[in-house]
Amino acid sequence: MYCQKLVSVCYRDVTFPPVFFINRTPWLGHSDLMRTGMENISYTETFTLTGFGDMNKTKYVYFLLALIGYLLIIFVNVVLVLVIFLERNLHEPMYIFLCSLSVNALYGTAGFYPKLLADLLSETQVIPRAGCFIQIFVIYGYAASEFSILTVMAYDRYVAISKPLHYTNIMTDSVVCKLLAGAWLFPFCNTALTLLFSSRLPLCGNQIERLYCSNWSVVKLSCVSTTLNNVVGFVVTACTVLPPLYFILYSYIKILLVCQKSSKEFRSKALQTCLPHLTTFINYSITGFCEIALSRLDSKDMPQIVAAILSLEFLIIPPLLNPLLYGFHLPEVRKRIINMLRRKQIIPILDSSHAAKY
């Protein structure tokens with residue numbers, strides 16, 4: 001009773017419901033409450049995604065495009081995973097890492113597309129607080145794991161080309177398992193650390209100017225200083241991006257040096273196995289940079305459709321393009337996919353001359 005009277009004296013023009021004082025934000029002290037003015041602090045139960053804007057009837061067109069895109073992503077990645085899983089000849093480190101890349105794509109897109117499709121058919125685009133942080137964890141974990149898996153794949157190519165005689169001794173089953181475990185655990189631990197700091201922030205709003213929940217969009221709603229979050233976010237981003245970038249560049253420099261001293265046939269074979277990975281890495285780096293830059297810049301002055309495309313590139317292009325690149329470019333994978341589709345009678349039997357080509 002005394003506390004409520006004291007508040008009414010300090011803030012005569014502001015009224016607060018009594019429930020506000022029932023330990024809704026236990027990490028805030030009295031000085032924090034006084035500094036932020038108290039009037040805007042609340043425990044946000046839901047967030048509103050304002051990136052959809054006013055689409056009217058066009059939302060059904062976007063829904064159809066998103067649905068087709070998501071089904072294509074599921075189809076091409078599942079086909080690639082099944083081919084590698086069912087064909088014993090493909091149970092090699094390079095193809096196992098490729099399978100992991102497709103599994104990661106299925107995982108990351110599952111955290112985005114179902115919610116997007118539901119929002120496109122809904123009048124209001126809202127997401128619960130817990131659901132928002134789960135979506136951030138899934139999408140950011142996918143994004144960070146993509147870099148880690150690409151790094152492991154670069155190491156595999158480096159060993160295969162630079163030390164072909166020792167490849168089987170180096171890339172043993174235990175080493176492959178350890179590399180995959182590190183490629184998955186390290187990014188998710190980094191993501192969990194970032195969310196730990198973000199989830200404790202008191203928020204002064206619930207409007208997220210994106211099509212999905214992003215960490216920086218939530219942090220920007222904070223009522224208190226976010227210096228610690230900025231430092232943690234910068235360190236985590238640097239640890240996620242810079243070591244893989246350095247190691248991938250180092251691996252390809254070593255591969256180029258080896259190829260310069262080798263025969264033309266060896267260079268051709270090395271290029272055939274490295275080109276899909278290099279294309280995937282460059283493509284994902286560009287799309288990832290667009291997402292990071294957009295999250296830090298003010299997108300209000302940018303056309304809504306442009307901002308949406310830039311923010312979704314890393315969830316559209318890599319999951320769809322990677323299986324197609326590897327499926328059509330690597331002869332072993334391409335041959336197995338065609339054989340599997342023949343057995344399932346999904347495509348007609350090719351003529352003998354075309355089959356002989358593979």
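Reference entry: report on the structure contained in this document.

A look at the overall build of the protein
For the protein, the count of helices and strands is 14 helices and three strands. Sorting the 358 residues of the protein into buried and exposed places 44% on the buried side. Contacts in the protein between residues far apart in sequence, at least 24 positions, make up 77% of those at least 6 positions apart. Carbon and sulfur atoms make up 67% of the accessible area of the protein, which totals about 19,600 Å².

What to know about the state of the cysteines
By the definition in use, this model includes two disulfides. In this model Cys 132 forms its disulfide with Cys 213; the gap between the sulfur atoms is 2.1 Å. On the sign convention where negative means left-handed, the S-S torsion of about -125° between Cys 132 and Cys 213 marks this disulfide as left-handed. One end of the pair, Cys 132, is in helix 6 (residues 129-162); the other, Cys 213, is in the loop between strand 3 (207-208) and helix 9 (215-219), with 81 residues separating them in the sequence. Under the relative-accessibility criterion, Cys 132 is labelled buried at 0%. Residue classification places Cys 213 among the buried positions, given a relative accessible area of 0%. At a sulfur-sulfur separation of 1.7 Å, the disulfide partner of Cys 204 is Cys 223. Taking the torsion about the S-S bond as the criterion, the Cys 204 to Cys 223 disulfide, at about 135°, is right-handed. Placement of the pair is Cys 204 in the loop between helix 8 (173-198) and strand 3 and Cys 223 in the loop between helix 9 and helix 10 (227-260), with a sequence separation of 19 residues.

So, the pattern of salt bridges
The final tally for this structure, using the stated rule, is five salt bridges. Here Lys 115 ties to Asp 119 by a salt bridge, and the two come within 2.9 Å at their closest N and O atoms. Of this pair, Lys 115 and Asp 119 both sit in helix 5 (residues 113-120), separated by four residues, roughly a single helical turn. A relative accessible area of 22% places Lys 115 in the partly exposed class. On the accessibility criterion, Asp 119 (2% relative accessible area) is buried. For Glu 332, the salt bridge is made with Arg 336, and the minimal N-O distance between the two is 2.2 Å. On the criterion of helical spacing, the pair formed by Glu 332 and Arg 336 is a turn pair, its members being four residues apart in helix 13 (residues 331-343). Classification of Glu 332 as partly exposed rests on a relative accessible area of 32%. Take Arg 336: its relative accessible area is 9%, and that puts it in the buried class. Three or more residues are tied together by salt bridges with common partners; here these are Glu 87, Glu 332 and Arg 336.

Analysis parameters
Residues numbered from 1 in each chain as written. Predicted model: local features only at pLDDT ≥ 70, side-chain atom pairs only at ≥ 80, totals over all residues. Heavy atoms only, no water. Helix = DSSP H or I, 4+ residues; strand = E, 2+ residues; numbered from the N terminus. Buried < 20%, exposed > 50% of the residue type's maximum accessible area, 1.4 Å probe, protein only. Contact = heavy atoms within 4.5 Å. Areas by Shrake-Rupley, 256 points an atom, 1.4 Å probe, with all protein chains shown as cover. Disulfide = S-S within 2.5 Å. Salt bridge = Lys/Arg side-chain N within 4 Å of Asp/Glu carboxyl O.

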